[in-house]
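# Remarks on the overall topology
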Amino acid sequence: MFNLDRNTVFSSLMGILIISLVINCFTEIYNASVVFPVLGTLVVGGILVFSALFNRIAPFLQLHWIDLMVGAGITCMIVDYLLGNSDLWQLGCLCVLILYCILRLIRKINYVVIYIGVMLAAFSLATIGYLQLFKILPSGNSHFSITGYYHNPAVYAGVMSLLLCVIVGFIIYTFRYSFYRKIRNISYCLCVFCFPVFICADSRAAWVALIVSVCWGILRIYRLQIRMLYKSYLPVMLVLLFALGLLASYGLYKYRPDSVDGRMLIGKVGLEMIKNKPLTGFGAGGFAANYMYYQARYLKEKGTEREKYLAGSTHLAFNEPLRLLVEYGIAGLLIYVVLIYYILQSRRNHLIIRLSQMLLMAILIWGLFAYPNRVFPIILFTVLALALLVRLDKVKRKKILLTSRCFVVIKVTFLFLVLLLGNGISNLLPDYHQLYLLTHSSPNTMSEKVLGEYNKLEHRMTDKIGFYYHYCLTLNRYRKDELLKEKLTFLTSRFPSPTVFMLKGDVHKRLKEFIEAEESYKMAHWMMPTLQTPRGKLAFLYQETGRKQEALLLANELLTEKVKVYGFATHDLHLKLKEIFSEQLTKSLIKKK
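Note that this is a predicted model, so its numbers are computed, not measured. (Residues numbered from 1 in each chain as written. Predicted model: local features only at pLDDT ≥ 70, side-chain atom pairs only at ≥ 80, totals over all residues. Heavy atoms only, no water.)

## Thoughts on the pattern of salt bridges
Within this structure, the stated rule accounts for 22 salt bridges. One salt bridge connects Lys-308 with Glu-305, and the closest N-O pair in it is separated by 3.8 Å. One end of the pair, Lys-308, and the other, Glu-305, are both in helix α12 (residues 305-310), three residues apart, so they sit about a helical turn from each other. For the salt bridge of Glu-486 with Lys-487, the shortest nitrogen-to-oxygen distance reads 3.7 Å. You can call Lys-487 buried: its relative accessible area is 10%. Several salt bridges share partner residues, and in doing so they unite Glu-518, Lys-522, Arg-547 and Glu-550 into one network. (Salt bridge = Lys/Arg side-chain N within 4 Å of Asp/Glu carboxyl O. Helix = DSSP H or I, 4+ residues; strand = E, 2+ residues; numbered from the N terminus. Buried < 20%, exposed > 50% of the residue type's maximum accessible area, 1.4 Å probe, protein only.)

What follows is the structure in structure tokens.
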């Protein structure tokens, strides 16, 4: 099982890649939690391609419809890259698709070695979680104690749920076989070690994803035995399952009702977007580019007080079917449904097939409450599981014989792609390092030097949203208003938010464009009504332009309403309002009495 042959080496590389998804060796790279796994995927894919140059791959290929979709995806991404439109994320996704092709062409895979990689990844992730829980390692987010090397605990728990899903699925499937006893015992110990920190991560989406995928796995693995029970206890089991489902749903809702109601608001606003473009959708990235505008209009026209209180600044749908409908219309949803059908359809009871199905089921469930399309490790897990599922699918398909000439063409093509990606990613790394240094530079640094570096990066940096956000904050700090006004147009069209519109309002105000400033502050307010800063800025604008009665009404409203999150910014705003409007507020109070 562990002979050091070519297949074991290939499988070990896959195991190392899985481990690389949960660790991060970069410290001074912007967006390092994405950069490191992308680089790991490129390195492993490159080694596998170079190895394939000197070894024979599968003698024939049974072409699958998923293979055709992957081929179309690779073609589109290569065209984007050659046109200069690809960012690091797209290059990483292209690496993943190439890895899919390699897995489809490799003759044999040592699955035990890959499973050991999964166990080591789970152990590493849990260890990082414990170290953060006990304050030995810093968390990736000051608001949460456990995040791993990600930006919040939802991603940490989501990745952990997928790893645990595979481990628990392995235990369930091999429970009847003594051959796997040793590795199963290690899996038991690993589950005991991982589950406490998984629960402490406090992510309901990850909990539900793990529970549903494990239950589904049990139903599929032991379906014959369960059918026997159905015949005898079907009514009782249905009633119990229904009652347990209702109880669990109610408990999860009561655990965090504000979060659930907030997701319901996103759903309502998302439906308004779908009504406008049900067939074609808004295109890739269309949800992030348009959602906040629709939320502002919805809250202004028909939002309840509860919805206004819950609304936040978000660019994520927290539901994959909703996102696909908004961005790609009915066609996108149909592809999603077909993919689900393919994943869930009945197959032979094979260990790797069942584990792949359980993993994909967990991703589908997590995607109903989160954002798997924005988490690189989950994208990689999805593609790897699909590759293994297609590889082991024994449905009769036409075999394509690979001649010696085909071998040469395939190997040269993949070698070219890997070299192309290697060149692209290696060129991006220095830019990401420079952007990290700029975002962590001291406010006292010379403005000409900082802005000069940003100007150099502007045409090379492909992560436009992240780059322009920090660039605009820097331009605002140094009061480069004309340039800031120009650069903000990109963010307002691609990534609108209350912060962006407050920056826009400040620029217009400094340039004496008071009507535009007022509109920007109002837009920032309606995007997130509980945020007091936009109305505070609007009150100061009214005071400066002679609209004192409107300014006084806003100041009184801000100082007397219930504050959702009272932070330093709110405290400073209230102090400034009291300083400017204290005399007028006192007179107003005397008049009322």
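From this point, the narrative continues.
## Notes on the state of the cysteines
Under the counting rule described, the total for this entry stands at zero disulfides. Residue Cys-76 stays outside any disulfide, its sulfur separated by 13 Å from that of Cys-93, the closest cysteine. Its relative accessible area of 53% is what places Cys-76 among the exposed residues. With no disulfide of its own, Cys-165 lies closest to Cys-191 among cysteine sulfurs, the gap being 11 Å. (Disulfide = S-S within 2.5 Å.)

## Quick look at the nonpolar core
In terms of nonpolar packing, the biggest core is built from 172 residues, with Met-14, Leu-48, Val-159, Met-160, Leu-163, Ile-167 and Phe-381 touching the most fellow members. Residue contributions to this core peak at 16 residues, all from helix α6 (residues 153-174). Leaving out residues up to four positions away in the same chain, Phe-381 has contacts with Ile-18, Leu-21, Val-159, Leu-162, Leu-163, Leu-359 and Ile-363. Ranked by size, the runner-up nonpolar core spans 15 residues in total, among them Tyr-521, Tyr-542, Leu-558 and Leu-577. (Core = buried A, V, L, I, M, F, W, Y, C linked by side-chain atoms within 4.5 Å. Contact = heavy atoms within 4.5 Å.)

## Observations regarding the packing of helix α8 (residues 204-221) against helix α14 (residues 351-367)
Close contact between α8 and α14 brings their axes to 8 Å; oriented N to C, the two are set at 145°. Here α8 runs over α14; the crossing is right-handed. Side by side, α8 and α14 meet where Ala-205, Ala-206, Val-208, Ala-209, Val-212, Ser-213, Val-214, Trp-216, Gly-217, Arg-220 and Ile-221 of the first sit next to Arg-354, Gln-357, Met-358, Met-361, Ala-362, Ile-365 and Trp-366 of the second. Its residues placed into classes, the contact of α8 with α14 shows 13 nonpolar, three polar and two charged. (Axes fitted to C-alpha atoms, helices over the stretch in contact; angles between N-to-C directions. Left-handed = near helix turned anticlockwise from the far one by under 90°. Nonpolar A, V, L, I, M, F, W, Y, C, P; charged D, E, K, R; others polar.)

## What to know about the packing of helix α17 (residues 447-458) against helix α18 (residues 464-477)
It is at 11 Å that the axes of α17 and α18 come closest, and there the two elements cross at 155°. Considering the angle they form, α17 stands roughly antiparallel to α18. The element α17 and its partner α18 pack so that their crossing is left-handed. Contact residues: Val-450, Leu-451, Tyr-454, Asn-455, Leu-457 and Glu-458 in α17; Lys-464, Phe-467, Tyr-468, His-470, Tyr-471, Thr-474 and Leu-475 in α18. (Parallel < 35°, antiparallel > 145°, perpendicular 65-115°, else oblique.)

## Focus on unusual backbone geometry
You will see that Arg-479, though not glycine, has its phi angle at about 60°, which is positive. Along the chain, Arg-479 turns up in the loop between α18 and α19 (481-494). For Arg-479, a relative accessible area of 48% puts it in the partly exposed group. The backbone phi angle of Lys-512 is positive, close to 65°, even though this residue is not glycine. When you line up the elements, Lys-512 lands in the loop between α20 (498-510) and α21 (514-527).

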